[in-house]
Amino acid sequence: LSFLGIGVQPPTPSWGLMLKENYGFIITHNPFLAIVPGLAIMVMVLAFNLVGNGLRDAMDVNFRFLGPEEGSVLTGAIEAAYGRSYDVSWVYDGAEVAARLADGRYVSCVAETLEGELLCDEGMSRAAAGDAVAHSGQAVTLPLARGQHLFTRTKRFLMDWAREQGLAGMFS
């Protein structure tokens, strides 16, 4: 901002002010007087971008769908978050969850850490495999993921998939 004249004012030093004061020397006598602060700004911006990318990667999640052999993943997540108080009894039966996943009556989208730790699960039920309308339900966000808006992101991922599959709608 000092380069534009709206940042700190002389005699306070800043890279922008150094650029502004030495801009005329780029072609003539001492170009390094302007090039060095310009490079410093460039390196600082690059460093912030790299730190931001690293933080995003560290906090990012993978979205995927559970396979039939992973029916117990939903059961374990429901029990971890709700104990035995969840109002849909079949989610506590890993074999029933696996059967629903296998025949297409249930689709389960999960958000996981890059290491594979479950953070959130959002499911979609259909009365029969191939139905064009589904019910969004059986959602669980584990304590580690709370406050990260993962439920919304997981549901959006599931909705995008449903749209690609040609579902006419999903209700909650």
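Thresholds applied
- Residues numbered from 1 in each chain as written.
- Predicted model: local features only at pLDDT ≥ 70, side-chain atom pairs only at ≥ 80, totals over all residues.
- Heavy atoms only, no water.
- Helix = DSSP H or I, 4+ residues; strand = E, 2+ residues; numbered from the N terminus.
- Buried < 20%, exposed > 50% of the residue type's maximum accessible area, 1.4 Å probe, protein only.
- Contact = heavy atoms within 4.5 Å.
- Areas by Shrake-Rupley, 256 points an atom, 1.4 Å probe, with all protein chains shown as cover.
- Phe/Tyr/Trp six-rings, centres within 6.5 Å; stacked < 30°, edge-to-face > 60°.
- Lys NZ or Arg CZ within 6 Å of the ring centre and 35° of its normal.
- Core = buried A, V, L, I, M, F, W, Y, C linked by side-chain atoms within 4.5 Å.
- Polar contact = N/O pair within 3.5 Å; in protein donor to acceptor, adjacent residues only side chain to side chain.
- Salt bridge = Lys/Arg side-chain N within 4 Å of Asp/Glu carboxyl O.

> Would you mind going over the overall build of the chain in detail, with residue names and values included?
From N to C terminus, the chain includes 5 helices and 5 strands. Listed N to C, the secondary structure of the chain is α-α-β-α-α-β-β-β-α-β in terms of helices and strands. The C-alpha extent of the chain, read off along each of the three principal axes, is 80 × 35 × 25 Å. The 172 residues of the chain split such that 35% are buried. The contacts of the chain with a sequence gap of at least 6 include a subset with a gap of at least 24, amounting to 49%. Total accessible area computed for the chain in this model is approximately 10,200 Å², and 62% of it derives from carbon and sulfur atoms.

> Can you break down the packing of aromatic side chains residue by residue, with the values?
Considering all chains together, one arrives at 5 aromatic pairs under this definition. Taking the centre distance of 5.6 Å and the plane angle of 35° together, the rings of Phe65 and Phe157 count as tilted. Remark: Phe157 occurs in helix H5 (residues 150–164) and Phe65 occurs in strand E1 (residues 62–65); sequence separation between them is 92 residues. Accessibility expressed as a relative area gives 31% for Phe157, which makes it partly exposed. Among the aromatic residues, those joined into a ring-pair cluster are Phe63, Phe65, Phe157 and Trp161. Sitting over the face of the ring of Trp90, Arg100 holds its NZ or CZ atom 4.0 Å from the ring centroid.

> Could you give me a rundown of the environment of Asn49, with the residues and numbers involved?
Along the polypeptide, Asn49 turns up in helix H2 (residues 32–59). For Asn49, a relative accessible area of 45% translates into the label partly exposed. In this structure, the C-alpha to C-alpha distance between Asn49 and Asn62, residues 13 residues apart in sequence, is 22 Å.

> Explain the nonpolar core to me, using residue names and the numbers behind them.
Core analysis: the biggest nonpolar cluster contains 16 residues, and Leu74, Ile78, Tyr86, Trp90 and Val91 have the highest contact counts within it. At the level of elements, helix H3 (71–82), helix H4 (94–103) and strand E2 (106–112) are the ones that each hand at least two residues to this core. It is H3 that contributes the most residues to this core, 3 residues altogether. Those residues in contact with Leu74 that sit more than four places away from it in its chain are Leu66, Trp90, Val91, Val97, Tyr106, Asp121 and Gln138. Membership of the second largest hydrophobic core comes to 8 residues, among which are Val107, Met124, Ala134 and Leu167.

> If you had to explain the side chain of Glu112 to someone new, which residues and values would you point to?
Looking at where Glu112 falls in the secondary structure, it is placed in strand E2. A polar contact is formed between the side chain of Glu112 and the side chain of Arg64, at a distance of 2.9 Å. Beyond its immediate chain neighbours, meaning those up to four positions away, Glu112 contacts Val61, Asn62, Arg64, Glu117, Leu118 and Leu119.

> So what about the pattern of salt bridges? Which residues, and what values?
Here the structure, examined in full by the defined rule, presents 8 salt bridges. For the salt bridge of Arg84 with Glu79, the shortest nitrogen-to-oxygen distance reads 2.7 Å. The exposure class of Arg84 is exposed, given its relative accessible area of 59%. Assessed through its relative accessible area of 34%, Glu79 is described here as partly exposed. Salt-bridge contacts for Glu96 lead to Arg105; the nearest nitrogen and oxygen are separated by 3.8 Å. With relative accessibility at 25%, the residue Glu96 sits in the partly exposed group. Here the salt bridges share partners, and the residues they tie into one network are Glu96, Arg100, Asp103 and Arg105.

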